[in-house]
Structures are given as C-alpha cells and as structure tokens.
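Geometric and topological summary
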Amino acid sequence: MHELDRLQASCLLEIEDCDSLRKIDLIKNAIFGKNGKLSGFLKNIKGLSDEKKREVGARANAVRAVIQERLEARSRVLEMAELDKKLAAESVDVTLPSRFSQPGTLHPLTKVIEEVAGLMSTYGFVFADGPDIESEYYNFAALNMPDHHPARTMHDTFYINTSADDKGRKLLRTHTSPVQIRAMLANQPPFRFFSIGRVFRSDYDATHTPMFNQIECLMVDDNVGFSNLKWFISGFLRKFFGAPNLQLRFRPSFFPFTEPSAEVDLNYDVVNGKIVFGSGQRWMEIGGAGMVHPNVLESGNVDPSKYRGFAFGCGLERMASLKYGVPDLRGYFESNERWRNNFGFNHATRE
Ligand code: DAH
C-alpha cells in the first residue's frame, strides 16, 4: 500500500512538471505501458493472498484513476498553451501590401480565333470540326486529289505508321479542307460551315512550322456564284482588319478542289514601318478560294446539278501576324513569356 502511495505521489509530480504534450505521451507509457511502473507493480503482487490481492487491486485501480485524471487535466492545459503559442507565432499582418502576381494574357491566336468565329457567325456560318488524324481519303481523294495526283506531293504529309483501312492510310491532316467533306456528309444542303484548326506539314523555317492553323469556310446553296464568294470574302476581311476601304485582288490559280480557283490578295502600304491595309498599291496574298469542284460536292453527297458552293481557306497565324504585327511565325508555338507579354492580350483589353 505504501508503495502504491509513493508511486502515485511520484507520478503526480512528474505530470505536474511535464511541459509538453509529447512528453505527456511518454509519461503515459512509462506508467501504464507494458513495462510501465503500475503494470510492474501489479506483476509483483501475484504472491499475495487472495484477500490482500483484492485490497491492493482496488487501491491500484483508484491510483490509476487519479493518475489518469491528472494526465488528462495536464494535457488540456498544455494543449491550450501550445495553441496560444501557435496563434501568437502565426499572426498575420493584414496591413502588408499583397504579393505581385503576373496576370495571364490571351494568346494572340486565341484572340484571332474569337474574332474570326464571331465574324463568321454574323455571316451565318456554323462551326464544323474534323479530326487532326485524318484518312487519306478525306484529306486527298474526296477533295479531288486521287492517288498519284501531283498536288499530293506538295503537301509534305506526315503519314502515320498504321495499317490502311477502306479510307486509306492515316495521316496528320495537311489542311482543314477535309472538314468540308465531313460537314457535307453529316448535313443536308443548303449550308454554311467554317472551321478553324491545326494542320501539319513536314516543313520548318522562319515562315513555316510543322504545325500551324487554318481557317476554312464553305457555303453551298442552289444559286451560289463567284460574286457571292467575292462579296463575302471582301466583307469578312474588311471587318477583320478594320479596314473599310480594303481592296481585294482575285488572281486565277489552281486548287484541285475548286474550279475556278483564285488566290486572294489584299492591298496595303507601309507607313512608318507598319503595314496599313486598304491604302496603297502593294499586294499581299492572304488565302485561297474558289467555286467547289463538282467532284467534291459529290464526295459530300451533294448533287452538283442542284447545288453549287464556294470555299475559302487561309492561315490563321498569317492573319494574326498581319493584324497584330507579329514578325516570326515560330514565336506562336514557343510559349516564351517575353514574347507573350509583347503580343498577348490581357483580359482587360478583350472586347
Ligand atoms: N486547303 C488549301 C491549302 O491548304 C487552302 C484552300 C484553298 C482552301 C482554296 C480552300 C480553298 O477552301 O477554296 O493549302
């Protein structure tokens, strides 16, 4: 019994002296653990008589309860103290100035995509899409470029190493024109579609990157003529470049999927080192266009005796470069912060 009293007294002292929660755990273990003081004491009473054992056992339980209660009380005090310490150390000075954060900017291509898409919809053109990984058939044959057509070699195509199916080999599309076929097949004429998307060609220098973006548009109706094509492209480009007096020149050209075909030039002048569209007599090419070839309408399940169409295609980076004065094509794809700060658009300037 004396031993129990001493044990209780020494434990309570130890608890009183304890100054951290971590040490409380150690103390707990030193008393109640497998080899702890109380457990050790209880092991030693095995030799006592039953009656004595009951007496000592009851007293030991009381001691355990007292010690446990003190441990809990001390833990609560220490917890509060540690919390206070933490709160004092972690105080925030709300009067400090905030950290500088660099706001993101819109990539110039994003801006131009939004502008082009907005203009297209005012002309009643609906967005149509196609896959980056195309079949030979949609990229070439359906666009009036059968096997061995010489125009195929001009496209520097990336072919994909998979087996061919009934639509030929797989490739990375070399232009957005295959979207014309897919859109025609999925809809009933009359229609007006536009598409914007990535295209790929095995070509790399200051004015060519292996991946770039094209804009494509297609209108099919029962009485569409070259005049409609000219009216639409003129209006679209005048609005896009914000140049109401922009002159267009349609130069006869050749594309397998249009007949007749034209390359479209814009007039411009250079004033103080800057390109100004719609003034002067210099000409710059912007894209290709033409009346959709009857074979192409047929590939799209459109009857060429009932319907006619026009198509227009051009490079998105070229439109962006001319409008916003971006000199080197490669900058568009390099994710360089300084380049972006020069040519990007922050959200405040978004119209
Ligand atoms: N698909 C042509 C190319 O990449 C561009 C083009 C020319 C598209 C004339 C057209 C078009 O829709 O009518 O090179």
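Residues numbered from 1 in each chain as written. Predicted model: local features only at pLDDT ≥ 70, side-chain atom pairs only at ≥ 80, totals over all residues. Heavy atoms only, no water.

Thoughts on the packing of aromatic side chains
For the coordinates displayed, the defined rule picks out 17 aromatic pairs. Ring centres 5.1 Å apart and planes at 40° place the aromatic pair Phe191 and Phe193 in the tilted group. Summarising the burial analysis for this pair, Phe191 and Phe193 share the class buried. Centre to centre, the rings of Tyr332 and Phe333 are 6.2 Å apart; their planes meet at 50°, and the pair counts as tilted. Since its relative accessible area comes to 31%, Phe333 is described here as partly exposed. Grouping aromatic residues by their ring pairs yields a cluster made of Tyr123, Phe125, Trp231, Phe232, Phe236, Phe240, Phe241, Phe277 and Phe310. Taking NZ or CZ as reference, Arg169 lies 3.9 Å from the ring centre of Tyr159, over its face. (Phe/Tyr/Trp six-rings, centres within 6.5 Å; stacked < 30°, edge-to-face > 60°. Buried < 20%, exposed > 50% of the residue type's maximum accessible area, 1.4 Å probe, protein only. Lys NZ or Arg CZ within 6 Å of the ring centre and 35° of its normal.)

Focus: helix 2 (residues 21–32)
For helix 2, built from 12 residues, the straight-helix expectation of 16 Å at 1.5 Å per residue is met to within 8% by its first-to-last C-alpha distance of 17 Å. Within the sequence span of helix 2, burial applies to Ile24, Ile27 and Ile31. Relative to the axis of helix 2, the buried residues are bounded by an arc of 65° and lie together on one face. Across helix 2 from its buried face, at more than 90 degrees, point the exposed residues Arg22, Leu26 and Asn29. Looking at the buried side of helix 2, the elements it contacts are helix 1 (2–17), helix 3 (37–43) and helix 4 (50–89). (Helix = DSSP H or I, 4+ residues; strand = E, 2+ residues; numbered from the N terminus. Expected span 1.5 Å × (residues − 1). Arc of directions from axis to C-beta. Contact = heavy atoms within 4.5 Å.)

Concerning the site of the ligand
Residues in close proximity to the ligand total 15 residues, the closest being His175, Ser177, Arg201, Gln214 and Glu216. Between the ligand and Gln180 there is a distance of 3.3 Å, counted from an oxygen atom to a side-chain nitrogen or oxygen. One of the side-chain N or O atoms of Glu216 is found 2.6 Å from an oxygen atom in the ligand. Starting from 350 Å² of accessible surface for the ligand in isolation, the protein chains cover 91%. Placement of the ligand is best described as lying within the largest pocket. Class assignment of the residues belonging to the shell around the ligand gives a composition of five nonpolar, eight polar and two charged. (Near = heavy atom within 4 Å. Polar contact = N/O pair within 3.5 Å; in protein donor to acceptor, adjacent residues only side chain to side chain. Areas by Shrake-Rupley, 256 points an atom, 1.4 Å probe, with all protein chains shown as cover. 1 Å grid on protein atoms, 1.4 Å probe; cavity = no way out; pocket = protein on both sides within 12 Å on 5 of 7 lines; lining within 4 Å. Sits in = over half its atoms within 2 Å of the grid points. Nonpolar A, V, L, I, M, F, W, Y, C, P; charged D, E, K, R; others polar.)

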